[in-house]
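Each chain is listed here by its residues.
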Amino acid sequence: MQALAHFTSTVGSYDFPLMMFLLKAIFVLFVAISMVLLVYDRYIQRENQLLINYPLIGRMRYFFYALRDPMRQYFGDEKFYESFDKVKWVLNSAERKSPYASFSPEQPQKSARLSIKNANCVLNTHDVSDEFSVTFGTDVKKPFRTRSVFGRSAMSDGAISPEGTRSFSKGAFLGKFPINTGEGSLTSNFLYTHKFCDLNKEYMNVYEGTFFAKFVYKTIKTLLHQALAEKVYRHMILDVKDAESYLFDNEKLVCYRVDWSAPLESFPKEVPSDIPDIIFQMGSGLYGVRHHNGTFDEERYQKTMKFCKMTEIKMAQGAKQTGGKLLGSKVSEAIAYYRGVEAHKDLFSPNQFPFAHNLQELFDFMGRLKKLSDKPVGVKIVISSQDGFDEYANLIKSRIEAGSSAYPDFITIDGGDGGSGAAPLEMMMTVGMTIAKALYIADTTLRRVGVRKKVKIIASEKVLTPDDAIVLFGIGADYVAIARAFMMSAGCIRARECSGANGRSCPVGLATQDKRKRASFLVEKKAKNVASYHEQLLYGVQNLLAIMGVNHISKLSKANLLFKDHTGITYMNVDEYFKKSIVS
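Residues numbered from 1 in each chain as written. Predicted model: local features only at pLDDT ≥ 70, side-chain atom pairs only at ≥ 80, totals over all residues. Heavy atoms only, no water.

**Things to note about a nonpolar patch on the surface**
Stated formally: Each patch is built from residues lacking any salt bridge and having more than 30% relative accessible area; the joining distance is 9 Å for like charges and 5 Å for nonpolar side chains (Val, Leu, Ile, Met, Phe, Trp, Tyr). Residue-level accessible areas treat just the shown protein chains as cover; the underlying method is Shrake-Rupley with a 1.4 Å probe. Salt bridge, as used here: a side-chain nitrogen of Lys or Arg that lies within 4 Å of a carboxyl oxygen of Asp or Glu. Here's how the labels work: a residue is buried when its accessible area is under 20% of the maximum for its type, exposed when over 50%, partly exposed in between, all with a 1.4 Å probe on protein chains only.
Together, F27, V28, F30, V31 and M35 line one region of the surface with nonpolar side chains, adding up to about 530 Å² of accessible area. A relative accessible area of 55% means that F27 is categorised as exposed.

**Some thoughts on the environment of N118**
Rules: Starting at the N terminus, helices and strands are each numbered in turn, a helix being any DSSP run of H or I of at least four residues and a strand any DSSP run of E of at least two. The contact criterion used throughout is that any non-hydrogen atoms of two residues lie within 4.5 Å.
Here N118 shows up in the loop between β1 (113-116) and β2 (135-136). A C-alpha to C-alpha distance of 9.1 Å links N118 and L561, two positions 443 residues apart in sequence. When sequence neighbours within four positions are dropped, the list of residues in contact with N118 reads I547 and M548.

**Some thoughts on the pairing of strand β8 (residues 254-258)**
Applicable threshold: When DSSP finds two or more bridges between two strands, those strands count as paired.
With five of five residues buried, β8 lies mostly within the body of the structure. Inspection of the sheet shows strand β6 (residues 204-208) paired to β8 by five bridges, in the antiparallel sense. Each bridged residue has a counterpart across the sheet, and for V206 the counterpart in β8 is Y256.

**Some thoughts on unusual backbone geometry**
In this structure, L286 takes a positive phi of about 55° despite not being glycine. Relative to the elements of secondary structure, L286 occurs in the loop between β9 (278-282) and α9 (298-304). Looking at L286, the relative accessible area reads 2%, which means it is buried. Backbone geometry at D374 places phi at a positive 60°, although glycine is not the residue there.

**A word on the sheet that holds strand β17 (residues 561-564)**
Reading across the sheet, the three strands line up as β1-β17-β18 and stay open at both edges, with antiparallel pairing between neighbours. With one partner strand each, in any of the chains shown, β1 and β18 (570-571) form the two edges of the open sheet. Here two bridges tie β17 to β18, and the two strands are oriented antiparallel to one another. Looking across to β18, one finds that K564 is bridged to T570.

**Remarks on the pattern of salt bridges**
In the structure shown here, the tally under the stated rule is 26 salt bridges. A salt bridge links E131 to R145; the nearest nitrogen and oxygen atoms lie 3.1 Å apart. Taken together, the residues span a long stretch of sequence, with E131 in the loop between β1 and β2 and R145 in strand β3 (residues 144-145) at a distance of 14 residues. With a relative accessible area of 30%, E131 lands in the partly exposed category. Overall, the relative accessible area of 51% leaves R145 in the exposed class. K309 is the salt-bridge partner of D277, the closest N and O atoms lying 4.0 Å from each other. One end of the pair, D277, is in the loop between β8 and β9; the other, K309, is in the loop between α9 and β10 (310-314), and 32 residues separate them in sequence. Among the residues examined, D277 registers a relative accessible area of 7% and is labelled buried.

**What about the nonpolar core?**
Stated formally: Nine residue types can take part in a nonpolar core, namely buried Ala, Val, Leu, Ile, Met, Phe, Trp, Tyr and Cys, and a core is a set of them joined through side-chain atoms within 4.5 Å.
F150, F168, M282, F296, Y301 and F389 are the most contacted members of the largest nonpolar core, which has 127 residues in total. The element best represented in this core is helix α18 (residues 523-548), accounting for ten residues. Beyond its immediate chain neighbours, meaning those up to four positions away, M282 contacts V289, F296, Y301, E312, I313, K314, F353, F365 and L369.

**Quick word on the sheet that holds β8**
This is how it is decided: Axis geometry follows a simple rule: fit a line to the C-alpha atoms, using only the stretch in contact for helices, then measure angles between N-to-C directions, giving values from 0 to 180 degrees.
Read across the sheet, three strands follow the order β6-β8-β7 without closing on themselves; strand pairing throughout is antiparallel. Of all the strands in the sheet, just β6 and β7 (247-249) have a single pairing partner and so form its edges. Strand-to-strand, the axes of this sheet are offset by a mean angle of 30°, without reference to chain direction. Across the sheet, helix α8 (residues 226-237) lies against β6, β7 and β8, angled at about 110° from β7, the strand it touches most.

**Quick notes on the environment of L191**
As for its position among the elements, L191 is in the loop between β5 (179-180) and β6. L191 gets classed as buried once you look at its relative accessible area, which sits at 3%. Placed 26 residues apart in sequence, L191 and T165 show a C-alpha to C-alpha distance of 9.6 Å. Here L191 is in contact with S169, L186, L247, V258, I275, I278 and F307, once residues within four sequence places are set aside.

**Structural notes on the side chain of S148**
Inclusion rule: Polar contacts, as used here, are pairs of N or O atoms within 3.5 Å; protein pairs need one atom able to donate a hydrogen and one able to accept it. Residues neighboring in sequence count only if both atoms are side-chain atoms.
Of note, S148 is situated in the loop between β3 and β4 (150-152). Of note is the side chain of S148, whose polar atom sits 3.0 Å from the backbone nitrogen of F150. With residues up to four places along the chain from it excluded, the contact list for S148 reads F132, S133, K176, F177, Y479, H534 and L538.

**Some details on helix α15 (residues 466-475)**
Side chains that are three or four residues apart share a direction in an α-helix, a result of its 3.6 residues per turn. Of all the ten residues making up α15, nine are buried; the element is thus mostly covered by neighbouring parts of the structure. Taken together, the buried positions of α15 are P466, D468, A469, I470, V471, L472, F473, G474 and I475. Count one or two residues on from α15 and you reach G476, which has phi positive near 150°.

**Examining helix α11 (residues 359-373)**
Definition in use: Here a helix's expected span is defined as the number of its residues, less one, multiplied by 1.5 Å.
Here α11 is 15 residues long and its end C-alpha atoms lie 21 Å apart, about the 21 Å a rise of 1.5 Å per residue gives. Those residues of α11 that fall on the buried side of the exposure criterion are L359, L362, F363, F365, M366, G367, L369, K370, L372 and S373. Each element contacted by the buried residues of α11 is listed here: β9, α9, β10, β13 (377-381) and α12 (386-401). For α11, the N-terminal cap is N358; the gap from its side-chain oxygen to the backbone nitrogen of Q360 is 3.2 Å.

**Quick notes on the packing of aromatic side chains**
Defined as follows: Stacked, tilted and edge-to-face are the three classes applied to pairs of Phe, Tyr and Trp rings, where Trp contributes its six-membered ring and a pair requires centres within 6.5 Å; stacked means planes under 30 degrees apart, edge-to-face means over 60, and tilted covers the rest.
All chains considered together, the criterion is met by 33 aromatic pairs. Consider the rings of F563 and Y577, whose centres lie 3.6 Å apart with planes at 15°: the pair is stacked. Taken as a pair, F563 in strand β17 and Y577 in helix α19 (residues 574-581) lie far apart in primary sequence, 14 residues in all. In this pair, the class of F563 matches that of Y577, namely buried. Ring pairs connect the aromatic residues F280, F296, Y301, F353, F355 and F365, which therefore count as one cluster.

**Comments concerning the side chain of E461**
We count it as follows: Counted charges follow a simple rule, with Lys and Arg positive, Asp and Glu negative, and His plus the chain ends left uncounted.
Mapped onto the secondary structure, E461 falls in the loop between β15 (456-460) and α15. Salt bridges are absent for the buried E461, whose nearest opposite-charge side chain, K462, sits at 6.4 Å. Polar contacts involving the side chain of E461 include one to the main-chain amide nitrogen of G416, which spans 3.2 Å.

Put into structure tokens, the structure is as follows:
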């Protein structure tokens, strides 16, 4: 007992001189900084009246305000989506964890919502066809048959980091689903899985290191890791300002990119089999398919389409009906090379597409693109009224009746709640109809004028989970494009610093050109996560079709849906709900 008492008293009186010194030093430093700030805020600065009156407490206010955006999702209920459970489903699916929920949803579902009817006699999941495909452009020479009804929506390389674009591209290749380039052009990073070989060297710019450079690469790779070895090797052999536009083949140890100046005849006759299905989006800036003076370059477009399955003309998106916006901090040398612009300067695309002063001109341009590419061409729009969409539908009908191919093979409809990496706040959620009602207008109108079989519909807006998607398929979508959920699957933490404004940037290296933050992005790991999320999405849709008694997604219709409004009234025929809610 005496020994125990001695040990206890020894431990209780033990001193930590270094720790105590550090604590005292920190306290003194804190007091000194506080006094300096107090004097500065109260007596010197004259920019902020709050800090004049409350020097230290005011600073705390701005500190917590700075934490609000990045930290908001960790405290309180989910505000943007119906429930945080949906966000968690995306994250778990991407990480190959169980997506099942327990007990109940974390938050009650909103009272007014479209829901799904189950069948009296349900099917087993394996009784439902796993054939999820859509054919675009049935009347063009080279129709596009997808291998999935889901795809990654338009997000440009530039808005997304090079590493992020590579992970999406490889994820799309692994998952066998389409990926949209966004209006920033087809860049090297979308061709990340396209390896250099003797068959494609005719249309490639290639740099290969010396024996010494290769020795250095192999040594660093053996002693340290691949990423550092590649960085050093690139630095040794690429002495060009747009070095980031080159891909790296870690087997042949060459850096390469498409040589757009190579003759058209040297480009592949068919889309290479080692790249994902790419949808090329053409925006008002014509990036990647324009001459130096900004006019449309037909030959460059034809070269681009050697790697792409179809073209989407961007007229508008849900979050903004203006041209794309890329701040100067994101316009790197490589991005400037891809887009044919000056580096490090704000890049704001025109609001008006140059070949769309009216719908007749737009449709004529679509016909021109079809002849140049022999592939489907469509348009991305936001629907704000029945009359507005009637113009599209009636013109499509008249063109088809006249035997013309100058009309869209598909229409992408972005809902008014769609997102963006950079958009005017006043446009983000106040322009355009939500996707359910916009989709209903598009589907019913195209059917009414008799052209629905000729025109496929792509829907996009806030889709995270299989039930979100199944509702859109039921209303009339042939294909669903997803952006934000794919972003989350690739590591997005929704810090909302995508634009790069105010000196802040994406903390995970996904939506930034900040080299330090990009260096930590795990391309291969995130590519697997992206593919895994898509796989779980398809499986979830298959499960829902089974309990609805539908053995193929093509048989899904509005008859499989119901709507309950906020008063408790249930519409078993959702056509009745839409007719009452959409008033001319």
